[in-house]
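A closer look at the structure
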Amino acid sequence: MTDQDDPPAPRAPRRAPRRARALLPDLAPWHSSRDFRLLWTAGLVTAFGSFLTLVALPLQIKELTGSAAAVGAIGAVELVPLIVFGLYGGALADAVDRRRLILLTEAGLGLLAAVLLINSLLPDPMLWPLYVVAALTSALTGLQRPAIDAVVARIVPHGQLTAAAALNALRWQLSAIAGPSLAGVVVAYAGLPLAYGLDLLTFAVSGLLALRLTAAPPAHDAEPPSLRAIGEGARYAWRRKELLGTYAVDMAAMFFAFPNAIFPFLADELDAPWALGLMYAAGSVGSVAVSATSGWTARIHRHGRMVVAGAAVWGLAMAAAGWLSDVWLVLLCLAVAGGGDMISGLFRSTLWNQTIPEKLRGRLAGIELLSYATGPQLGQVRTGSMAGCVGVRASVWSGGLACVASVGLLALALPRLMAYDARTDEHARETRETHGETWTAPT
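Residues numbered from 1 in each chain as written. Predicted model: local features only at pLDDT ≥ 70, side-chain atom pairs only at ≥ 80, totals over all residues. Heavy atoms only, no water.

Looking now at the overall build of the protein chain. Of regular secondary structure, the protein chain possesses 18 helices and 0 strands. In terms of C-alpha radius of gyration, the protein chain reaches 23 Å, essentially the compact-globule figure of 22 Å for 443 residues. Along the longest, intermediate and shortest principal axes, the C-alpha atoms of the protein chain span 85 × 55 × 55 Å. When the accessible area of the protein chain is evaluated, it comes to approximately 20600 Å², of which 68% is carbon and sulfur surface. Computing the positive centroid from 34 side-chain charges and the negative centroid from 31, the protein chain places the two 5 Å apart. (Helix = DSSP H or I, 4+ residues; strand = E, 2+ residues; numbered from the N terminus. Rg over C-alpha atoms; globule rule 2.2 N^0.38 Å. Areas by Shrake-Rupley, 256 points an atom, 1.4 Å probe, with all protein chains shown as cover. Lys, Arg positive; Asp, Glu negative; His and termini not counted. Charge placed at Lys NZ, Arg CZ, Asp CG, Glu CD.)

Here we take up unusual backbone geometry. Look at Asp271: it is not a glycine, yet its phi comes out positive at around 55°. Within the element layout of this structure, Asp271 appears in the loop between α11 (263-269) and α12 (276-291). Residue Asp271 is classed as exposed on the basis of its relative accessible area of 66%. (Buried < 20%, exposed > 50% of the residue type's maximum accessible area, 1.4 Å probe, protein only.)

Turning to the environment of Leu194, a few remarks are in order. Position of Leu194 among the secondary structure elements: in helix α8 (residues 192-211). Taking relative accessible area as the criterion, Leu194 reaches 39% and is therefore assigned partly exposed. Sequence-wise, Leu194 and Asp149 are 45 residues apart; in three dimensions their C-alpha atoms are separated by 31 Å.

The next subject is helix α9 (residues 227-239). With 13 residues, α9 ought to run about 18 Å at 1.5 Å a step, and its terminal C-alpha atoms sit 18 Å apart, in line with that. Turning to α9, its buried residues number three or more, namely Ala229, Ile230, Gly231, Gly233, Tyr236 and Ala237. (Expected span 1.5 Å × (residues − 1).)

Close contact between helix α13 (residues 303-323) and helix α14 (residues 327-355) brings their axes to 7 Å; oriented N to C, the two are set at 160°. Considered as vectors, α13 and α14 are oriented roughly antiparallel to each other. Pair α13 / α14 crosses with left-handed handedness. When grouped by side-chain class, the residues that make up the contact of α13 with α14 number 17 nonpolar, 8 polar and 2 charged. (Axes fitted to C-alpha atoms, helices over the stretch in contact; angles between N-to-C directions. Parallel < 35°, antiparallel > 145°, perpendicular 65-115°, else oblique. Left-handed = near helix turned anticlockwise from the far one by under 90°. Nonpolar A, V, L, I, M, F, W, Y, C, P; charged D, E, K, R; others polar.)

By the definition in use, this model includes 8 aromatic pairs. On the numbers, 5.5 Å between centres and 45° between planes, the contact of Trp274 with Trp328 is tilted. With Trp274 in the loop between α11 and α12 and Trp328 in helix α14, the pair connects residues that are 54 residues apart, well separated along the chain. Aromatic pair Trp323 and Trp397: ring centres 5.7 Å apart, planes at 80°, arrangement edge-to-face. Here the residue Trp323 occupies a position in helix α13, and Trp397 occupies one in helix α16 (residues 392-413), the gap between them amounting to 74 residues. It is Lys241 that lies over the ring of Trp238; its NZ or CZ is 3.9 Å from the centre. (Phe/Tyr/Trp six-rings, centres within 6.5 Å; stacked < 30°, edge-to-face > 60°. Lys NZ or Arg CZ within 6 Å of the ring centre and 35° of its normal.)

Moving on: the side chain of Ser175. In this structure, Ser175 sits in helix α7 (residues 161-190). Look at Ser175 and you get buried, because its relative accessible area is 0%. At 2.9 Å, the side chain of Ser175 and the backbone oxygen of Arg171 are in polar contact. Ignoring anything within four residues of it in the chain, the contact list for Ser175 reads Leu44, Ala47, Phe48, Phe51 and Pro180. (Polar contact = N/O pair within 3.5 Å; in protein donor to acceptor, adjacent residues only side chain to side chain. Contact = heavy atoms within 4.5 Å.)

A few words on the packing of α7 against α8. At a closest axis distance of 7 Å, the pairing of α7 and α8 adopts a crossing angle of 135°. Taken together, the axis directions place α7 and α8 in an arrangement best described as oblique. Contacts from Val186, Val187 and Ala190 of α7 reach α8 at Leu192, Leu194, Ala195 and Leu198.

Attention now goes to a nonpolar patch on the surface. Among the surface-exposed residues, Leu122, Met126, Trp128, Val132 and Leu136 lie close enough to one another that they form a single nonpolar patch of about 460 Å² accessible area. In this structure, Trp128 sits in helix α6 (residues 128-155). We classify Trp128 as exposed; its relative accessible area is 56%. (Patch = residues over 30% accessible without salt bridge, like charges linked within 9 Å, V, L, I, M, F, W, Y side chains within 5 Å. Salt bridge = Lys/Arg side-chain N within 4 Å of Asp/Glu carboxyl O.)

Using the criterion set out here, one finds 14 salt bridges in the structure. Here Arg363 makes a salt bridge to Glu232, at a shortest N to O gap of 3.0 Å. One end of the pair, Arg363, is in helix α15 (residues 361-390); the other, Glu232, is in helix α9, and 131 residues separate them in sequence. For Glu232, a relative accessible area of 26% gives the class partly exposed. Linking Arg416 and Glu242 is a salt bridge whose minimum nitrogen-to-oxygen distance equals 3.4 Å. Here Arg416 is found in helix α17 (residues 415-419), whereas its partner Glu242 is found in helix α10 (residues 241-256), with 174 residues between them in sequence. Linked by salt bridges that have partners in common, Asp94, Arg98, Arg154, Glu232, Glu358, Arg361 and Arg363 make up one network.

So, in structure tokens, the structure goes:
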């Protein structure tokens, strides 16, 4: 063969497409873990059904009572069961097979959806079962959530946990945008029974998917669920100041800068009542934008700094949303805030999953659920009460600035959070060794 017959030398790879791919979600957990695919798909199906009920339940209470206070009481009956059973569910997730716990709670949630369906088909639907179902649903969610959170670190390789968190967040946010929209159409044109029936169907489908999950038994020396076991998890979190910092930052951000409760009043002040739905959706749009371009997160190893930075962006954007008077700029700020919250959430999840010992993951997930559940609830109380004293927009922008200030103080008070480095942290190293992995720099 002559030189002229030689095949041409391969071209150098083009760098632009590689940079573009680096922004796309990292699908490595989806490809590497069958159980993650099953859990992700089951969660997507369940989320759509749950959002149907999220819209249908308060609407039915409104139709039965005509009282805004009666609708608002849903939050009151849900909060305490979520806190109590979230903490207990964390201890339970460390003591029993997590797959079995997920299956049993999924079946229980399906039964509660059936109760709502049956009640809606009665000639005169009753009010009290709606509150009972809301409370029991909150309790079962509290039992289930720590098991789901804890099992992710077992089924996904250590180095892919940030990507898994991004994919889970993307799943939830897409459901949060599409689910209520679908629910509105279903309820308006087909009625409440179909909404509850579809929710019941989604639990059946997700239950069948969860049946295919690999068993996730507890450690051989697992402690039975008890107050002592819950206390052990709390003491561990207290000793880990970088871990404690993630909880504190999230609580501060939500307490000072979660103005969803006064969005209807903000829309009126901006002379844009038509934009109320967009205000509620804007944060999810920002979160989806971050999740859908999250490939870069795999190259970050100082997760504590990103937790703080994301929370600061959330606060600054909320402050701007309260200060500005153009509704489109306000919506843009709310979307930026959602993106900042997602950045903070991704790296909180990564830090937790990459450093918490297997035997404590359920209990720490229960504590995380406690901070996740109470922060927004207390934040809405703060925002609403302050709006009555200083005005709606002042309540929003001052809360945003207070969020930034409190996050900054926490960063100064908890230097271990800012110094955390996934490459050198002893807890991350121990968890990697448990997985039989070594750290390698991402390319």
